[in-house]
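Chain and residue survey
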Amino acid sequence: MRRLFPVTDQTVPTHSGGSPLGARGEGGDAAQDRERDGERNPERDREWSLDELADAYAYPEPGSGSSSSSSESGRGTAPEPGPGTAPEPGPGERRPWLRANMVSTLDGAAQHEGRSQPISTAADMRIFGTLRGLADVVVVGAETVRLEGYRPARARAEFARRREAAGQGPAPAVAVVTAGLDLDFSLPLFTSPLVPTLILTGAAAAPDKVAAAERAGARVVIAGDGMGVDPARAVRALADLGHTRLLTEGGPRLLGQFVAAGVLDELCLTVSPMLTVGDAQRIAGGPSLAVPQRFALASLLEEEGFLFGRYRRP
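Residues numbered from 1 in each chain as written. Predicted model: local features only at pLDDT ≥ 70, side-chain atom pairs only at ≥ 80, totals over all residues. Heavy atoms only, no water.

This part takes up the overall build of the protein chain. Of the regular secondary structure elements, the protein chain holds ten helices and ten strands. Partitioning the intrachain contacts of the protein chain with sequence separation of at least 6 by distance along the chain shows that 71% fall at a separation of at least 24. For the protein chain, the exposed surface amounts to about 15,300 Å²; the carbon and sulfur share of it is 52%. (Helix = DSSP H or I, 4+ residues; strand = E, 2+ residues; numbered from the N terminus. Contact = heavy atoms within 4.5 Å. Areas by Shrake-Rupley, 256 points an atom, 1.4 Å probe, with all protein chains shown as cover.)

This is the structure in structure tokens:
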């Protein structure tokens, strides 16, 4: 793993004479220069520890819109809230921060044969686990639960100290967004989670389905006036439960709804160096926005050709 952005001394290695690495200079070509740089700086391209990844992906502190990565890139103020977000909290209070974690191939596929695992890699899964280790709650669509075979989030010893210091429980809750509650409530996600699974649904959800979810041990949270869930109301409802570090893992339709509602604060995107063709979904789906939303690059990491970017609403 190496950091490509923000630029650091390790990001832009140089010749011993000070010229940028990769330019042909006296005494050798770019390949020789890279080899010499690797000898001088063996730490430059290595597997990062989970603590290092957790520091790199830390949520903003209360009253601040910046994390460690965004501070390095010169952005230290909180982004303007989207049209559906709750009012800004007072000094020292934490407002909900919704980040998404998705993976995409070079040709824009978010899955291969319906699943994201074939386009992922070990480094991507380390980041996946780190983002879960930092979150209060993982928000996911019902279709993704069915396709990906979601299980409860587990407690990990590597994040125990960090979570305790942040006032978090041993593992994040999983919140399933669903209108019809067409879910198998006999699955471990509902019957044996470390933290009770949440069901985000609308006020018009079928009472028998709601009762079945509650019998299975899930907590049903109303976040919409009709059958469906209002994205901004879902964010507020989770914050009311004390969940302000929010992570969504999709699927594409749910992410598209968060984007359209203007409540997405950050996108953690893995670009997989693969081509799949086919008709797989993109990372976000739904009607086009009237005006494209532009996000700012906060950090960029690389390992074995995979790019791990963080983009934040400026």
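Continuing now.
Our focus in this paragraph is the layout of surface pockets. One number sums up the size of the largest pocket: a volume of about 1,200 Å³. Along the wall of the largest pocket there are 50 residues; nearest its centre are Thr144, Glu148, Tyr150, Glu249 and Gly251. Counting residues per element, the ones that place at least two in the lining of the largest pocket are β2 (97–105), α4 (122–134), α5 (142–148), α6 (157–165) and α10 (252–261). The residue makeup of the lining of the largest pocket, split by class, is 20 nonpolar, 17 polar and 13 charged. (1 Å grid on protein atoms, 1.4 Å probe; cavity = no way out; pocket = protein on both sides within 12 Å on 5 of 7 lines; lining within 4 Å. Points joined across faces, edges and corners; volume = space filled by probe spheres on them. Nonpolar A, V, L, I, M, F, W, Y, C, P; charged D, E, K, R; others polar.)

Looking now at the packing of aromatic side chains. Applying the stated criterion across every chain, the model contains one aromatic pair. Positioned above the aromatic ring of tyrosine 59 is the side chain of arginine 99, whose terminal nitrogen or guanidinium carbon lies 4.1 Å from the ring centre. (Phe/Tyr/Trp six-rings, centres within 6.5 Å; stacked < 30°, edge-to-face > 60°. Lys NZ or Arg CZ within 6 Å of the ring centre and 35° of its normal.)

Before going further, it helps to spend a moment on the pairing of strand β5 (residues 198–201). With burial as the criterion, each face of β5 is covered, one bearing Leu198 and Leu200 and the other bearing Ile199 and Thr201. Sheet topology note: the strand β4 (residues 173–177)/β5 ladder contains three bridges and is parallel. Directly across from valine 176, in β5, lies its bridge partner isoleucine 199. Pairing of β5 with strand β6 (residues 219–222), which is carried by four bridges, proceeds in the parallel orientation. (Buried < 20%, exposed > 50% of the residue type's maximum accessible area, 1.4 Å probe, protein only. Pairing = 2+ DSSP bridges.)

Of the residues in the protein chain, 79% reach a pLDDT of 70 or more, and the chain-wide mean stands at 84. A low-confidence stretch, residues 33–43 (pLDDT under 50), is modelled with eleven contacts involving residues beyond four sequence positions or located in other chains. (pLDDT = per-residue confidence, 0-100.)

With that out of the way, let us pick up the pattern of salt bridges. Evaluated as defined, the whole model comprises 16 salt bridges. A salt bridge links arginine 46 to glutamate 52; its shortest N-O distance comes to 2.7 Å. One salt bridge connects arginine 162 with aspartate 55, and the closest N-O pair in it is separated by 3.2 Å. With arginine 162 in helix α6 and aspartate 55 in helix α2 (residues 50–56), the pair connects residues that are 107 residues apart, well separated along the chain. Look at aspartate 55 and you get partly exposed, because its relative accessible area is 41%. Salt bridges sharing partners connect three or more residues here, namely Asp51, Asp55, Arg161 and Arg162. (Salt bridge = Lys/Arg side-chain N within 4 Å of Asp/Glu carboxyl O.)

A few words now on the sheet that holds strand β3 (residues 137–141). Read across the open sheet, the ten strands follow the order β1-β9-β10-β8-β2-β7-β3-β4-β5-β6; overall the sheet is mixed. Two strands bound the open sheet, and with one partner strand each, they are β1 (2–5) and β6. Strand-to-strand twist of the sheet, defined as the mean angle between neighbouring strand axes without regard to direction, takes the value 25°. Both β2 and strand β8 (residues 266–272) contribute to a ladder of seven bridges, which runs parallel. Residue pairing for β8: asparagine 101 is matched across the bridge by cysteine 268. Against the sheet, helix α9 (residues 231–240) touches β2, β3, β4, β5, β6 and β7 (245–248), its axis set at about 145° to β5. (Axes fitted to C-alpha atoms, helices over the stretch in contact; angles between N-to-C directions.)

Once that is clear, we can look at the nonpolar core. Of all hydrophobic cores here, the largest spans 30 residues; its most connected members are Val137, Val139, Leu200 and Leu238. Sorting the residues of this core by element identifies β2, β3, β4, β5, α9, α10 and β8 as the ones contributing at least two each. When near neighbours in sequence (up to four residues on either side) are disregarded, valine 137 contacts Pro172, Ala173, Val174, Ala175, Leu198, Leu238, His243, Arg245, Leu246 and Leu247. Ala54, Tyr57, Ala135 and Phe306 belong to the second largest nonpolar core, which has 21 residues in total. (Core = buried A, V, L, I, M, F, W, Y, C linked by side-chain atoms within 4.5 Å.)

Examined against the element boundaries, arginine 132 turns out to sit in helix α4. On the accessibility criterion, arginine 132 (13% relative accessible area) is buried. Here glutamate 249 takes part through its side chain, which lies 2.9 Å from a polar atom of the side chain of arginine 132. Leave out the neighbours within four places in its chain, and arginine 132 touches Val138, Tyr150, Ala153, Arg163, Pro172, Leu247 and Glu249. (Polar contact = N/O pair within 3.5 Å; in protein donor to acceptor, adjacent residues only side chain to side chain.)

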